[in-house]
Amino acid sequence: MADFSAGYSEGHDQNAPSQEKRLLDVLGRMRNNMAGVYAVHLHLSDLRPSHRQPHFLRMVARSLDSLAATQDIQIFNFTNSDVALICRNTPVDEVDDAVFRVRAMFNEDPLTMSEDGSTEDRFSSWYDLSQAADIKDFMEAVTEALKHREEVKNQTTESMTTGRASKVMSGAPLTPDMLQGIIQRLLEVRVGDLVHRQPAVVVTAGRKQELAFREHFISMEELRQRIAAEVNIFSSHWLFQFLSQTIDGRVLEVLSRLDFNDMDAPISVNLNLSTIMSRPFQNFHALVGEHTEKVIVEIQIIDVFSDMSAYAFARDWLQSQGYTVLIDGLNPLTLCFFDPSSLAADYIKITWGPEVSGGVGTEQTRQIRDVIGKLPDGSVVLSRVDSEEGVSWGLGLGIRCFQGYFIDKVVAAMASKGIL
Amino acid sequence: MAVRSTSTPTHMHRRTQEQLLLEYLRRLENRREGRKAVRINISSLMPGNRREHHIRAATNSFEALVSDLMGQLFELKNLDIFFIYKSEAHTRVEDTVQKVKFLFSDDPLFDEKGRSEDEFVSWYDVETGYDELIKMVRDMSEDGRTEKRPVTRSNVRASLKARQDHGDPLSPEVLSRAVKALQRTDLTSLVRRQFICGVSKKLVPEPVFSEIYISIMDLRETMMPGINLTSNRWLFQYLTESLDKRVLSLLSKTDRFSITGDISFNVNVSTLMSPEFMAFDDGISAARRGSMVLELQKIDIFADLGAFLFAREFCQEKGYRICLDGLTYQNMSMINRERLGVDYVKVMWNPELVDGGAQMRKNLRDLVQEAGRTRVILARCDNREAVDFGGSVGITMFQGHYIEHLIAEDDRRRQLLKIKHRIERDTT
């Protein structure tokens, strides 16, 4: 998770002229002496938001630093995270190598999927500044970047991480000395009104939709506003994970008030492995009684990886009691790196995101299809589906269960027609 | 998970767990200080709760303790579980027993308040109750019958005392103090080194590189006596990020801390992306980067896969090698090592690898084949069986107490050889 307070441009004077402006000045001064000069524009602003975080860009800057030290090259870091290189009499191969190194670091980003150096290469553009037409094009590109400066600055970003902590937020980074106070408030504040429900639907063979379950979750942003508005509680994976243990207990309290006798579809809830072995869950278990088949327990993949034995233990117990086990926190990228079938869970939940918008034919998608093929039919849930595109992508891969903003709308429409 | 006899291969018949337990206790005769034992009376549960997967779940929960060399587990004929352990692990054992109890909480045994604890779990102090224990286990192994619930009241007192000795779990306040203290503490004296070696047929070790690490036990003693640093894994994980930075600063001060040969050390992905790592990287030569192996934990990798892939590319490009640490028999076939693009993978030795039979062996052989023989390390090897097993599936690199023992043996042999040559030279 990003440490957003340590900004990429830390130490930069807000009032100093922007790098875009400076570049335009440099170009203006060089205008009459452009022999042997060329420019490379790295379109880092088109990377996925998670790849545009400060610590990534810091490392890009370092990769390029070696160029600046040894060659007649100037580097400009734009506000929108693009980078421009102005090179004079430098062998193209040397610059190309450096650009390729940066490109390789973003291998998993759709931006680098296009072939390097091809006309449809969206990662970098090269300009021969000894040519008037190229100068004009390049100046336009820089001016464009300058224009977007303010806009980009105010843009809020959503990162594509695994886990519940999906929003990059502002505020001071969370440190251990804040934890106790936050936990205290967490135990005291009202949370019932922050627990939201989101339906998941399953598409049956006849293209009919049925309600599969309703996830009950706490809105983290709302919770943060209530307990620590000035703190970015997601700045550390581990400290957030620690807080979530307390959050679990509060959510279970709220769920204990549900009437399990009168429930048209199962509920799902995200819990830590340690919670499942704790008293709050035992109390909840007692209230659920014989209705365990109406509860799906969602477990985060990093929790599973942190203690496989504890996971196997909890899974066996949950399943033997009649609960359903779902593994959460996967995305299409993680599926290319590990095979969840041996986790023997009832459901696997994958987050849909822009990284797979390349379509069903890509190499990555083929791998995902392989992995999904190994899982029992109907056991994959595609979440964060915010458009019809997500549903068709999923259906193309054999996924039949969906969740997300788009599904919310579908369900609302179904409800108004009385289908649900 | 069972204890295997590697020292006496002449025994043709397979000995029972009761016999092995008795042997094990006898070997402890002169080393019984600080040992405790617990017996979980699975046999007192309803038959429906004594099925194979229940027992497996119960024994698996001790797996981490066993692999941390904290104790030995025995599964008795009547399905009872007997665990002998070092008292420093008492809190962990209590937690584990609690989990096991929870697994069976629907059993009628737990209906009556107060009765369940005595019936289901018996605690022993090996040090003070040694003779009593030996007698009980001897009875069990001789006639195969079990004696019911030999509870000693003194155990309660002993376990209370152990908890007091063990101190508090790691809390946010303590973590906060620890992180601040870490910045001031000189860790040089806490640095430990363990070699990753090739091992020849004659058991002669050949070092490939060495892992540099901070002893968490000693760190605790130095900085936070009485705090159980690993009691909460998320807070501990956070602590390791601070530790990383201290290790980096130690490694960059080569004048105070000189290490020969190629080295490896544990580091978090977040550390690789921090200004501290950039400064470290600035301070060392390209040649030295090539001599370093960065060990990353799988949990860290999967916490933010995008960040890992990015950092891996950056580090490998600079010349560092990457090792995926912490694979176990449970997850090794789940992870696609090839796509992760790491230089080495480390698999933790566990007797389950042998118990898993042909399938487990095949999984591991496939892993070695796929990754390459020179890329897989079998770590935590604490006996010869580990090395023999590793060799049988094609592994060529080993690490652990047993390897350290081989190195010491080898050193001793060389010393003797040197003396012998000197004597020969002097006498001729």
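The structure presented is a predicted model; accordingly, all values stated were derived computationally and were not measured.

(A) Quick look at a nonpolar patch on the surface. Residue and element names in this part refer to chain B. On the surface, a nonpolar cluster with roughly 270 Å² of combined accessible area is contributed by Leu416, Ile419 and Ile423. Turning to its location among the elements, Ile419 is positioned in helix H20 (residues 401-427). What makes Ile419 partly exposed here is its relative accessible area of 39%.

(B) Spotlight on the packing of aromatic side chains. Applying the stated criterion across every chain, the model contains 25 aromatic pairs over all chains. Pairing Phe106(A) with Phe123(A) gives two aromatic rings, centres 6.5 Å apart and planes at 45°, and the pair type is tilted. With Phe106(A) in the loop between helix H3 (92-105) and strand S4 (124-128) and Phe123(A) in the loop between H3 and S4, the pair connects residues that are 17 residues apart, well separated along the chain. Residue Phe106(A) is classed as buried on the basis of its relative accessible area, which comes to 0%. Given the relative accessible area of 0%, Phe123(A) is considered buried. Through a chain of ring-to-ring contacts, the aromatic side chains of Phe260(A), Phe281(A), Phe284(A), Trp317(A) and Tyr323(A) assemble into a single cluster. Between Arg32(B) and the ring centre of Tyr130(B), over which it is positioned, the NZ or CZ distance is 4.1 Å. Above the ring of Trp234(B), the side-chain terminus of Arg233(B) is found at 5.4 Å from the ring centroid.

(C) Summary view of the interface of chain A and chain B. Opposite the 55 residues of chain A that make contact, chain B presents 53 residues. Here chain A meets chain B over a buried area of about 5100 Å², counting both sides, of which 68% is carbon and sulfur. Seen at the junction of chain A and chain B, the total is 6 salt bridges. Our enumeration of links across chain A and chain B arrives at 11 residue pairs in polar contact (both at pLDDT 80 or more). Contributions of two or more residues to the side of chain A that touches chain B are made by helix H2 (54-70), H3, helix H6 (176-188), helix H8 (237-255), helix H11 (301-306), helix H12 (308-321) and helix H13 (332-335) of chain A.

(D) Inspection of the pairing of strand S1 (residues 37-42) of chain A at higher detail. Residues and elements named next belong to chain A. Most of S1 is tucked away, with 6 of its 6 residues classed as buried. Examined bridge by bridge, S1 and strand S3 (residues 83-88) share 6 bridges and lie antiparallel to one another. Within S3, the residue paired with Val37 across the bridge is Arg88. Note that S1 and S4 share 5 bridges and pair antiparallel.

(E) Looking closely at helix H18 (residues 357-371) of chain B. All names here are of chain B. Relative to the 21 Å expected for 15 residues at 1.5 Å per residue, H18 spans 21 Å between its end C-alpha atoms, a close match to the ideal helical length. Residues of H18 that are buried include every one of Met360, Asn363, Leu364, Leu367 and Val368, and no others. Along H18, the residues classed as buried sweep out an arc of 130° about the axis, all on the same side. When the buried face of H18 is taken as reference, the exposed residues oriented beyond 90 degrees from it are Ala358 and Gln369. Looking at the packing, one finds that the buried side of H18 touches strand S11 (321-327), helix H16 (337-340), strand S12 (344-348), helix H17 (352-355), strand S13 (376-379) and helix H19 (384-392). Residue Gly372 follows H18 closely and has a positive phi angle near 105°.

(F) Inspection of the side chain of Gln403(A) at higher detail. Residue and element names in this part refer to chain A. Note on placement: Gln403 falls in strand S14 (residues 401-403). In this structure the side chain of Gln403 is engaged in a polar contact, spanning 2.9 Å, whose partner is the side chain of Lys349. Discounting chain neighbours no more than four positions away, the residues touching Gln403 are Gln198, Pro199, Ala200, Glu215, Lys349, Val381, Leu382, Ser383, Arg384 and Val385.

(G) Quick peek at H12(A). Residues and elements named next belong to chain A. Here H12 contains 14 residues, and its C-alpha end-to-end distance of 20 Å stays within 8% of the 20 Å for a straight helix at 1.5 Å per residue. Buried residues dominate H12, accounting for 11 of its 14 residues. Every buried residue belonging to H12 is among Met308, Ser309, Ala310, Tyr311, Ala312, Phe313, Ala314, Arg315, Trp317, Leu318 and Gln321, and all of these are buried.

(H) Expanded view of the packing of helix H8 (residues 172-184) of chain B against helix H10 (residues 233-252) of chain B. Residue and element names in this part refer to chain B. Close contact between H8 and H10 brings their axes to 10 Å; oriented N to C, the two are set at 5°. Regarding the angle of H8 to H10, the classification is roughly parallel. Packed against H8, whose contacting residues are Pro172, Leu175, Ala178, Val179, Leu182 and Gln183, the element H10 presents Leu235, Tyr238, Leu239, Ser242, Leu243 and Arg246 at the interface.

(I) Spotlight on the sheet that holds strand S3 (residues 81-86) of chain B. All names here are of chain B. Spatially, S2-S3-S1-S4 is the arrangement adopted by the 4 strands of the open sheet, whose pairing is antiparallel. In the strand order of this sheet, the two ends are held by strand S2 (71-75) and strand S4 (121-125), each with one partner. Within this sheet the neighbouring strands show an average axis-to-axis angle of 15°, counted without direction. Strand direction decides the pairing type here: strand S1 (residues 35-40) and S3, joined by 6 bridges, are antiparallel. Its bridge partner being in S3, Arg35 is matched across the sheet by Lys86. Along the sheet, helix H1 (residues 17-27) contacts S1, S2 and S3; its crossing angle with S2, the most-contacted strand, is approximately 155°. Relative to the sheet, helix H4 (residues 90-103) contacts S1, S3 and S4, its axis offset from that of S4 by approximately 165°.

(J) Highlighting the sheet that holds S3(A). Residues and elements named next belong to chain A. Pairing is antiparallel across the open sheet formed by 4 strands, whose spatial order is S2-S3-S1-S4. Edge positions in the open sheet fall to strand S2 (73-77) and S4, since each of these has one partner strand only. For this sheet, the mean angle separating the axes of adjacent strands, direction not counted, is 15°. Each of S1, S3 and S4 touches helix H4 (residues 132-147); the most contacted strand, S4, lies at about 140° to it.

(K) Just the nonpolar core, in detail. Counting 222 residues, the largest nonpolar core has Leu64(A), Leu85(A), Phe281(A) and Phe265(B) as the members making the most contacts within it. Sequence-distant contacts of Phe265(B), that is, excluding residues within four places in its chain, are made with Ile212(B), Val247(B), Leu248(B), Leu251(B), Phe280(B), Met292(B), Val293(B), Leu294(B) and Glu295(B).

Criteria and cut-off values
- Residues numbered from 1 in each chain as written.
- Chains lettered and ligands numbered in written order.
- Predicted model: local features only at pLDDT ≥ 70, side-chain atom pairs only at ≥ 80, totals over all residues.
- Heavy atoms only, no water.
- Patch = residues over 30% accessible without salt bridge, like charges linked within 9 Å, V, L, I, M, F, W, Y side chains within 5 Å.
- Areas by Shrake-Rupley, 256 points an atom, 1.4 Å probe, with all protein chains shown as cover.
- Salt bridge = Lys/Arg side-chain N within 4 Å of Asp/Glu carboxyl O.
- Helix = DSSP H or I, 4+ residues; strand = E, 2+ residues; numbered from the N terminus.
- Buried < 20%, exposed > 50% of the residue type's maximum accessible area, 1.4 Å probe, protein only.
- Phe/Tyr/Trp six-rings, centres within 6.5 Å; stacked < 30°, edge-to-face > 60°.
- Lys NZ or Arg CZ within 6 Å of the ring centre and 35° of its normal.
- Contact = heavy atoms within 4.5 Å.
- Buried area = accessible area lost by both parts, 1.4 Å probe.
- Polar contact = N/O pair within 3.5 Å; in protein donor to acceptor, adjacent residues only side chain to side chain.
- Pairing = 2+ DSSP bridges.
- Expected span 1.5 Å × (residues − 1).
- Arc of directions from axis to C-beta.
- Axes fitted to C-alpha atoms, helices over the stretch in contact; angles between N-to-C directions.
- Parallel < 35°, antiparallel > 145°, perpendicular 65-115°, else oblique.
- Core = buried A, V, L, I, M, F, W, Y, C linked by side-chain atoms within 4.5 Å.

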